[in-house]
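What follows is each chain in one-letter form.
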Amino acid sequence: MPRQTAEDSYLIGLIGSGIRTSFSPALHEREADRQGLRYLYRLIDIDTLGGAPGRLGELVGSARHMGFRGLNITHPCKQLVIEHLDELTPQAAAVGAVNTVVFEGRGASSRAVGHNTDVTGFAASVDRELPDARLERVVLLGAGGAGAAVAHALLTRGAQHLAVVDPLTDRAVALAASLNRRFGDGRANAAHTAGLVALTSRADGLVHASPTGMAAHPGLPLPAGLIHPGLWVADVVYRPPETELLRLARQRGCTVLNGLGMLVFQAADAFRLFTGREPDHARMLAQAAELAGDD
């Protein structure tokens, strides 16, 4: 193996809440090991830090000064982090959420640039697992950072109409408005949870993009009776890989998509941004499946 240099060394972090069981460190570090890179991926859990997420700017600044090459950003910081960055890529700006920060340059003089690899990650997962899914009408549960990325991925991929549902009505309205500005009037609308019966009855697909269903937030994001065999159902939650929603949908005869594919493809895109190296997607997918099986 060639001798490693400073340019082959990477210090990366993940900022978010409840991330102690994240698969990201193993996915990144094991792919780096196979490529002969020294790669340290550290968890920065805001649950253990007083004043967070109010300290998000401080965390980003500290990572910059400490020589981090980049950061991944997860719930609930994907939108909050934007004000602490120097620049956004066009896609991150359009989505209004960032899940990957690359420090261009080194140390205090570097620029923090926000990217969104959730969009491409979800699109690649759908292309791989649901290539023939009908996309005439799709219901999206969750208008936060992950939901915004999923919405952009679906409309870019050809969804004709997206109904955005979120307990925070203003957030759903804002996301739908931004989608219509980018993709054309009438492509999205904000809907209230009270309208889910009608929405799901005529929908082709349902995508869940909120923390509900995670190990720390068990449960269903909508009434069980609304899941019917005519739907395909996707969940961005990957731990557990089969959430209560997906288990129920599978029992009802739905085609389902879990969050592992999105996790891997967004991680692969972030790895490429951090290192300039091409990741092995098949290898990373196998690694994620192994990690999920160890749970």
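Before any of the text, the structure's been laid out above.
All figures in this text were calculated on a predicted structure; none of them were measured in a lab.

The rules we used
- Residues numbered from 1 in each chain as written.
- Predicted model: local features only at pLDDT ≥ 70, side-chain atom pairs only at ≥ 80, totals over all residues.
- Heavy atoms only, no water.
- Salt bridge = Lys/Arg side-chain N within 4 Å of Asp/Glu carboxyl O.
- Helix = DSSP H or I, 4+ residues; strand = E, 2+ residues; numbered from the N terminus.
- Buried < 20%, exposed > 50% of the residue type's maximum accessible area, 1.4 Å probe, protein only.
- Pairing = 2+ DSSP bridges.
- Phe/Tyr/Trp six-rings, centres within 6.5 Å; stacked < 30°, edge-to-face > 60°.

Colleague: What's the story with the pattern of salt bridges in this structure? I'm lost.
Modeller: Overall, the coordinates contain 14 salt bridges when judged by the stated rule. Its salt-bridge partner being Arg-64, residue Asp-86 comes within 2.9 Å of it at the nearest N-O pair. You can see Asp-86 sitting in the loop between strand S3 (70-73) and strand S4 (87-88) and its partner Arg-64 sitting in helix H2 (residues 56-65), a full 22 residues away along the chain. Two residues, Glu-87 and Arg-111, come together in a salt bridge whose shortest N-O distance is 3.2 Å. Taken as a pair, Glu-87 in strand S4 and Arg-111 in strand S6 (residues 111-115) lie far apart in primary sequence, 24 residues in all. Of the residues examined, Glu-87 reaches a relative accessible area of 37% and is grouped as partly exposed.

Colleague: Hey, could you run me through the pairing of strand S8 (residues 161-165) in this one?
Modeller: It is a general feature of regular strands that their side chains alternate between the two faces of the sheet. Buried residues dominate S8, accounting for five of its five residues. In this structure, strand S7 (residues 137-141) lies alongside S8, joined through five bridges in parallel fashion. For Leu-141, the partnering residue across the bridge sits in S8 and is Val-165. Relative to strand S9 (residues 188-191), S8 is paired through four bridges, and the arrangement is parallel. Its bridge partner lying in S9, Ala-163 is registered against Asn-189.

Colleague: Quick question: what am I supposed to make of the packing of aromatic side chains here?
Modeller: Describing an aromatic ring pair means giving the distance of the ring centres and the angle of the ring planes. Under the counting rule described, the total for this entry stands at three aromatic pairs. The interplanar angle of 25 degrees and the centroid separation of 5.5 Å between the aromatic rings of Tyr-39 and Phe-271 together place this pair among those described as stacked. Taken together, the residues span a long stretch of sequence, with Tyr-39 in strand S2 (residues 38-45) and Phe-271 in helix H9 (residues 260-275) at a distance of 232 residues. Note on Tyr-39: relative accessible area 3%, which makes it buried. With relative accessibility at 0%, the residue Phe-271 sits in the buried group. Aromatic rings pair up to connect Tyr-10, Tyr-39 and Phe-271 into one cluster.

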